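Breakdown of the fold
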Amino acid sequence: MGVPLLIPISKPSLGPEVESEVLAVLRSGQLAQGPRVAQLEQAFAELTGCEHAVALSSGTVALELALSTLGLKRGDEVITSPFTFAATLNAIVHAGATARFVDVDENGLLDTSLIQDRITAATRVLVPVHLYGLAVDLTVLRLPPTLILVEDAAQAIGAEVQGQPVGSFGIGCFSLYATKNVTTGEGGIVTTDNAELAERLRLIRNQGMRERYEYLLPGHNYRMTELQAAVGLPQMRRLAETIEMRRRNATVLLDGLADIPGIRLPVVPGGSSHVWHQFTIRVMPEASMSRDILSKRLWDRGIATGIYYPKLVHDHDCYRASDQVQPDSTPRASAMCHEVLSLPVHPGVSDADINHIVNEVRNALGA
Ligand SMILES: *Cc1c(COP(=O)(O)O)cnc(C)c1O
């Protein structure tokens, strides 16, 4: 009896180039931040068309620094999505502001038509989340000129909308965590055209030091290592290729899972280029099986699934007592927590795997 094979929900696409790049770092003796980190930054600047990219130790740190450098005060409001990972909300709380929430659309992305009504005299920042690898269409927004955009692009490396890359609309925050489309194990990147902001982030990440042992401000150690950059660089060179593989898998899934009663498939709006961090279906109440039973059944048959996210980001006791978290009503996002189910779509998913996924979902739902 062999070990039952599981199709994982994420799998890093590393190759021999990563191994030789890491080995080169080990042999060089320079393990801390150095030339490869600078090259990785350059790759993100090129990808987004931004003047500057600053590598940091995680996507959470990217969001936290992007927000904390804005000088937000108690009572200042930051609008974001309730349907996101905890880091988005935590960064707002740590920056000292109050989080406000706007409901999501059919894809689980901020509904841009509702943003205007949430803006108050206290609103300072908008944090759109490019969820599952699909960009929030920021080209349609007519925002007050004083409102600052901080994009949570953790899941959307390489995504574009109306031809413009995510991370170039405002301050871009990317994650290189192990499950993301490009990974360094842990890591984050901020992209910006603002030279002053980039310089400040570089100072903060390195103890506030400019010249050796000259400190301009009390900083932190938020640096990335050469080893991490060595893992990420080859993936950036192959990014177009791995995005294409995800796209191909998504196309076959969309085709194979079409017209199942009670199942809604992701919809790619015109003008958006989806990078398929997740392929997320919605199991509606009228489906012949609940989302949770379908999920368990797929796991039992060797298909890992993900639920992003089972609860609204603020729906936890630790935020309930906080006057920095305003739980605005977002009924669509609340419903979606019970509907969403992500299926494997990464480049490690083979044609045979896709067939298996399609057959098992169809069989489960009698379609
Ligand atoms: C992964 C992720 C983050 C945080 O990134 P880390 O690198 O894990 O700290 C933030 N926001 C979203 C939406 C994410 O998916």
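For the structure itself, consult the block above.
Residues numbered from 1 in each chain as written. Predicted model: local features only at pLDDT ≥ 70, side-chain atom pairs only at ≥ 80, totals over all residues. Heavy atoms only, no water.

A few points about the pattern of salt bridges
Summed over all chains, the structure comprises 23 salt bridges. The salt bridge involving D351 is made with R248; its shortest N-O contact spans 3.1 Å. Of the two residues, D351 is situated in helix 12 (residues 351-364) and R248 in helix 8 (residues 239-256); the sequence distance between them amounts to 103 residues. Take R248: its relative accessible area is 44%, and that puts it in the partly exposed class. (Salt bridge = Lys/Arg side-chain N within 4 Å of Asp/Glu carboxyl O. Helix = DSSP H or I, 4+ residues; strand = E, 2+ residues; numbered from the N terminus. Buried < 20%, exposed > 50% of the residue type's maximum accessible area, 1.4 Å probe, protein only.)

Here's the deal with the packing of helix 9 (residues 291-300) against helix 12
For the pair helix 9 and helix 12, the least separation of the axes is 10 Å and the interaxial angle reads 135°. Judged on the interaxial angle alone, helix 12 and helix 9 are oblique. By crossing handedness, the relation of helix 9 to helix 12 is classed as right-handed. Where helix 9 abuts helix 12, its residues L294, R297 and L298 lie against E360, V361, N363 and A364. Its residues placed into classes, the contact of helix 9 with helix 12 shows four nonpolar, one polar and two charged. (Axes fitted to C-alpha atoms, helices over the stretch in contact; angles between N-to-C directions. Parallel < 35°, antiparallel > 145°, perpendicular 65-115°, else oblique. Left-handed = near helix turned anticlockwise from the far one by under 90°. Contact = heavy atoms within 4.5 Å. Nonpolar A, V, L, I, M, F, W, Y, C, P; charged D, E, K, R; others polar.)

A few points about the packing of aromatic side chains
What the rule picks out here adds up to four aromatic pairs. Ring centres of Y308 and Y309 lie 5.9 Å apart, and the angle between their planes is 70°; this geometry places the pair in the edge-to-face category. The partly exposed category is assigned to Y308, whose relative accessible area is 25%. Following the ring pairs from residue to residue traces out a cluster consisting of F83, Y308 and Y309. (Phe/Tyr/Trp six-rings, centres within 6.5 Å; stacked < 30°, edge-to-face > 60°.)

The analysis is restricted to geometry; functional conclusions fall outside its scope.
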